[in-house]
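A look at the structure
The residues making up each chain are set out below.
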Amino acid sequence: MANEQLQEAVNALKNTKVRMTPQRHAILEYLYETMNHPTADDIYKALESKFPNMSVATVYNNLRVFKNVGIVKELTYGDSSSRFDCVTTDHYHVICSDCGKMVDFHYPGLDEVETLAEHVTGFQVHDHRMEIYGVCEDCKNISH
Ligand SMILES: [Zn+2]
Ligand SMILES: [Zn+2]
């Protein structure tokens, strides 16, 4: 399944003017294999032995390219701690407050909240983000 989605992303990239390089392929592969919403730094650390000449900035630039093409989503947390998600359809996240693990959580979009927010504030609402915090199963087991 992950492989199929990776192939789809590769094809989507082929349809743009963006060139596929071994580095870009490795970054995409990492995103789809781990599904762990990594930061650019996480990806850099995982791939630095394979690509000794690659910098964190290069990883980040490639992620921005993927984002512009629409095959990854950036979840910003200020500064350089953006996390990248290869699932671009709408979904929510459950985040472990101990280890930072982020897991996809599928739940019908809370459209009525957007409508209400629009109504109450007069904003033109275009998006929302909901994050659920807790302690993951691994961390729960350590503490017991
Ligand atoms: Zn955890
Ligand atoms: Zn996600």
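What you are looking at is a predicted structure, and each value in this text was computed from that prediction instead of being measured.

Looking now at the coordination of the zinc ion (ligand 1). Taken together, Cys-96 (SG), Cys-99 (SG), Cys-136 (SG) and Cys-139 (SG) make up the protein donors of the zinc ion (ligand 1), found 2.2 to 2.3 Å from the metal. Viewed at the metal, the 4 donor atoms of the zinc ion (ligand 1) are separated by angles of 105 to 115°, and the geometry they form is tetrahedral. Each donor residue of the zinc ion (ligand 1) lies on the same chain, and together they follow the pattern C-x2-C-x36-C-x2-C. The pair Cys-136 / Cys-139 is uniform in exposure class, with both members buried.

Applying the stated criterion across every chain yields a total of 2 aromatic pairs. Taking the centre distance of 6.0 Å and the plane angle of 75° together, the rings of Tyr-60 and Phe-84 count as edge-to-face. A residue pair is termed long-range when its members are at least 10 positions apart, and Tyr-60 in helix α4 (residues 56-69) and Phe-84 in strand β2 (residues 83-85) qualify at 24 residues. Here Tyr-60 falls in the partly exposed class, since its relative accessible area comes to 25%. Ring geometry for Phe-105 and Tyr-107: centres 6.0 Å apart, planes at 10°, overall stacked. Given the relative accessible area of 30%, Phe-105 is considered partly exposed. Residue placement shows Arg-129 over the ring face of Tyr-77; its charged tip is 4.6 Å from the ring centre.

To continue, consider the nonpolar core. If you look at the biggest cluster of nonpolar residues, it comprises 22 residues, and the most contacted ones within it are Ile-27, Leu-28, Leu-31, Ile-43, Leu-63 and Phe-66. Among the secondary structure elements, those contributing two or more residues to this core are α1 (2-14), α2 (22-34), α3 (40-47) and α4. Residue contributions to this core peak at 6 residues, all from α2. Ile-43 has contacts with Ile-27, Tyr-30, Leu-31, Pro-38, Val-59 and Leu-63, leaving out every residue within four places of it along the chain.

A word on α2. Taking 1.5 Å per residue, 13 residues should reach 18 Å; α2 reaches 18 Å between its end C-alpha atoms and fits that length. Restricting attention to buried positions, one finds in α2 the residues Arg-24, Ala-26, Ile-27, Leu-28, Tyr-30, Leu-31 and Tyr-32.

As a further point, take the domain arrangement of the protein. In terms of domain boundaries, the protein breaks down into domain 1 (2-85) and domain 2 (92-143). Once you take the C-alpha centre of each, domain 1 and domain 2 turn out to be 23 Å apart. Taking both sides of the interface into account, the surface hidden between domain 1 and domain 2 amounts to around 610 Å²; carbon and sulfur atoms contribute 42%. For the pair domain 1 and domain 2, the interface holds 0 salt bridges. Where domain 1 packs against domain 2, one counts 7 residue pairs in polar contact (both at pLDDT 80 or more). Tallied by class, the residues present in the side of domain 1 that touches domain 2 amount to 3 nonpolar, 2 polar and 2 charged.

Okay, the sheet that holds strand β3 (residues 92-96) next. Within the open sheet, the 3 strands sit side by side as β4-β3-β5. Their pairing is mixed. In this open sheet, the two strands that pair with only one neighbour each are β4 (102-105) and β5 (131-134). Across the sheet, the axes of successive neighbouring strands diverge by a mean angle of 25°, strand direction being ignored. When β3 meets β5, the two strands line up parallel, connected through 4 bridges. From the neighbouring strand, Ile-95 faces β5, where its bridge partner is Tyr-133.

About the criteria used
Residues numbered from 1 in each chain as written. Chains lettered and ligands numbered in written order. Predicted model: local features only at pLDDT ≥ 70, side-chain atom pairs only at ≥ 80, totals over all residues. Heavy atoms only, no water. Donors = N, O, S within 2.8 Å, 3.2 Å for Na, K, Ca; no water. Tetrahedral: all angles 85-135°; square planar, octahedral: opposite > 155°, others 65-115°. Buried < 20%, exposed > 50% of the residue type's maximum accessible area, 1.4 Å probe, protein only. Phe/Tyr/Trp six-rings, centres within 6.5 Å; stacked < 30°, edge-to-face > 60°. Helix = DSSP H or I, 4+ residues; strand = E, 2+ residues; numbered from the N terminus. Lys NZ or Arg CZ within 6 Å of the ring centre and 35° of its normal. Core = buried A, V, L, I, M, F, W, Y, C linked by side-chain atoms within 4.5 Å. Contact = heavy atoms within 4.5 Å. Expected span 1.5 Å × (residues − 1). Domains from an automatic or database assignment. Buried area = accessible area lost by both parts, 1.4 Å probe. Salt bridge = Lys/Arg side-chain N within 4 Å of Asp/Glu carboxyl O. Polar contact = N/O pair within 3.5 Å; in protein donor to acceptor, adjacent residues only side chain to side chain. Nonpolar A, V, L, I, M, F, W, Y, C, P; charged D, E, K, R; others polar. Pairing = 2+ DSSP bridges. Axes fitted to C-alpha atoms, helices over the stretch in contact; angles between N-to-C directions.

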